[in-house]
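The chain contents come next:
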Amino acid sequence: VTSVNKKEPDLRVVVYDNRVVPDMYLVDMENYFKTFCKDYNGDGEVVVTIMNCSFETGQSSAEYQQIMQQKLSSIVVTDKEAMLFVTSDTGYEYLQGIVDTPFLKEEGKELSQDFYGSINLFEGIKMPDGLKIYCREIEGTLIENDKTAKESVARAEEFLKDIK
């Protein structure tokens, strides 16, 4: 169910890392990604939605880590439009092991200094470095023939070609 004023996203991006990506930076991330995104759904507005599943290993409570893992699992199982994942090398290794087939395509793209420069940092609250953006692999999965999933992967791959 979508409210009357809320536009459907053109891209849905999942942030998963074992270092916290502060929620206060998500709007800056969405705005940066919007500059490389097209109006794929044709509603006259470019909308990027980011779903944050990050947590700080050793710092976040076990309960919080479990909530983020459950959120990630829910997205993986039910969201056929969330095909882009922002993560680090450690997060990539974890995500590759969550299913029987490779979860992410190998050719991720490192987020540039332009990306990091677009984040309005708050004093003392850092943004994790070394983040990359990957497209989800659907070949060999239960959703490989799903029309929505296939269209979402095509959008994600086009976006990855354009992002700097």
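A.B. asks: Just checking my understanding: could you explain the pairing of strand β2 (residues 48–52) for this structure?
C.D. replies: Every other side chain in a regular strand lies on the same face of the sheet, so the side chains alternate between the two faces. Among the 5 residues that make up β2, 4 are buried, leaving the element largely enclosed by the rest of the structure. Examined bridge by bridge, strand β1 (residues 11–15) and β2 share 5 bridges and lie parallel to one another. If you follow V15 over to β2, its bridge partner there is N52. In this view, the connection linking β1 to its parallel neighbour β2 by way of helix α1 (residues 26–34) has right-handed handedness.

A.B. asks: Even after reading the chapter, I still don't get the sheet that holds strand β3 (residues 82–87), so can you show me in this structure?
C.D. replies: Either a parallel or an antiparallel arrangement is found when strands of a sheet pair, and the pairing is made through backbone hydrogen bonds. Here we have 5 strands laid out as an open sheet, ordered β2-β1-β3-β5-β4, and mixed in their pairing. Unpaired on one side and paired on the other, β2 and β4 (109–110) mark the two borders of the sheet. Together, β1, β2, β3 and β5 (132–135) form the strand contacts of α1, whose direction differs from that of β2 by roughly 140 degrees.

A.B. asks: Just checking my understanding: could you explain the nonpolar core for this structure?
C.D. replies: In summary, soluble globular proteins display a tendency toward joint burial of nonpolar side chains. Core analysis: the biggest nonpolar cluster contains 33 residues, and M29, F33, L111, F115 and F159 have the highest contact counts within it. Of all the secondary-structure elements, those providing two or more residues to this core are β1, α1, β2, β3, α4 (113–117), β5 and α5 (147–162). For this core, the leading source of residues is α5, giving 5 residues. Of all hydrophobic cores here, the second largest spans 16 residues; its members include Y16, I75, V76 and Y134.

A.B. asks: Would you explain the environment of V99 in this entry?
C.D. replies: Mapped onto the fold, V99 is located in the loop between α3 (89–96) and β4. The class of V99 is partly exposed, set by a relative accessible area of 33%. Here the alpha-carbon distance between V99 and T141, two residues 42 residues apart in the chain, equals 9.2 Å.

A.B. asks: Can you walk me through the pairing of β5 in this structure?
C.D. replies: Bridging between β3 and β5 involves 4 bridges; their strand directions are antiparallel. Directly across from T87, in β5, lies its bridge partner K132. As paired elements, β4 and β5 share 2 bridges and run antiparallel to each other. Paired with K109 across the strands is I133, a residue of β5.

A.B. asks: How should a nonpolar patch on the surface be read in this particular structure?
C.D. replies: A contiguous nonpolar surface patch, about 260 Å² in accessible area, is contributed by M24, F122 and I125. With respect to the secondary-structure elements, I125 resides in the loop between α4 and β5. You can call I125 partly exposed: its relative accessible area is 31%.

Conventions adopted
- Residues numbered from 1 in each chain as written.
- Predicted model: local features only at pLDDT ≥ 70, side-chain atom pairs only at ≥ 80, totals over all residues.
- Heavy atoms only, no water.
- Buried < 20%, exposed > 50% of the residue type's maximum accessible area, 1.4 Å probe, protein only.
- Helix = DSSP H or I, 4+ residues; strand = E, 2+ residues; numbered from the N terminus.
- Pairing = 2+ DSSP bridges.
- Right-handed = clockwise from strand over helix to strand, strands pointing away.
- Contact = heavy atoms within 4.5 Å.
- Axes fitted to C-alpha atoms, helices over the stretch in contact; angles between N-to-C directions.
- Core = buried A, V, L, I, M, F, W, Y, C linked by side-chain atoms within 4.5 Å.
- Patch = residues over 30% accessible without salt bridge, like charges linked within 9 Å, V, L, I, M, F, W, Y side chains within 5 Å.
- Areas by Shrake-Rupley, 256 points an atom, 1.4 Å probe, with all protein chains shown as cover.
- Salt bridge = Lys/Arg side-chain N within 4 Å of Asp/Glu carboxyl O.

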